[in-house]
Amino acid sequence: THDAGGSGVVGGDVADLNVCRAGIRIADDGVIDDFEDGNNQLSLEGGRDGYWYTAHDPTGSTVEMAMQEGGAGGSEESMHITGTTASGADESKTWGAQVGAMFVGKPPYDASKYAGIMFKARAAKAGQVRFNIGDINTHEDGKVCETCWNHFGKTLSLTPEWKEYRILFTDTRQ
């Protein structure tokens, strides 16, 4: 269920969360992918397996994903994403483009032991993107939602310089 109070916590409110007194730290098994292997396979850590994928609407939006040399903080590889978004009045058909991590194995992947997601990104020119996180309540594979794909997420302002983004699950909204 969605929290009607707007806290972003499913099935409760912010007061229900346990907060670590030492703050938030990167999990030892938390790397989804560092891209150093130059392929679209996710890192095999924390019981995860899967791959990066792209998708776009049928009305003219495009998206391409490729690994490229160089990345944030001296990294040797990074993911490079390019594309365009078509415009249209029918949002059910003109929804844009996406890049995502598809976890495979026994679905859905349980990320409840984590507080959020952290990554570094930049854009050719400053602009905004929506970072969405599907869960059992918003993805059809969870077999919970009647109207699916209304994922929790956050709008990010990307810049031409590498920047670290930390998205706490509690800060995401539908």
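Look up: the structure comes first, before these words.
Right, let's walk through the structure included here. (Residues numbered from 1 in each chain as written. Predicted model: local features only at pLDDT ≥ 70, side-chain atom pairs only at ≥ 80, totals over all residues. Heavy atoms only, no water.)

## Details of the environment of Ala115
Of note, Ala115 is situated in the loop between strand 4 (97-103) and strand 5 (116-121). In this structure, Ala115 is in contact with Ile24, Ile167, Leu168 and Phe169, ignoring residues within four places of it in sequence. (Helix = DSSP H or I, 4+ residues; strand = E, 2+ residues; numbered from the N terminus. Contact = heavy atoms within 4.5 Å.)

## Details of the packing of aromatic side chains
Scanning the model with the defined rule gives three aromatic pairs in all. Centroid distance Phe119 to Phe131: 5.0 Å. Interplanar angle 25°. Geometry classified as stacked. Taken together, the residues Phe119 in strand 5 and Phe131 in strand 6 (residues 127-133) connect sequence positions twelve residues apart. On the basis of relative accessible area, Phe119 is assigned to the partly exposed category, the value being 22%. You can call Phe131 partly exposed: its relative accessible area is 21%. Aromatic side chains Phe119 and Tyr165 sit 5.7 Å apart centroid to centroid with 25° between the ring planes, which places their arrangement in the stacked category. Here the residue Phe119 occupies a position in strand 5, and Tyr165 occupies one in strand 8 (residues 163-168), the gap between them amounting to 46 residues. Given a relative accessible area of 6%, Tyr165 falls into the buried group. Three or more aromatic residues joined by ring pairs make a cluster, and in this case those are Phe119, Phe131 and Tyr165. (Phe/Tyr/Trp six-rings, centres within 6.5 Å; stacked < 30°, edge-to-face > 60°. Buried < 20%, exposed > 50% of the residue type's maximum accessible area, 1.4 Å probe, protein only.)

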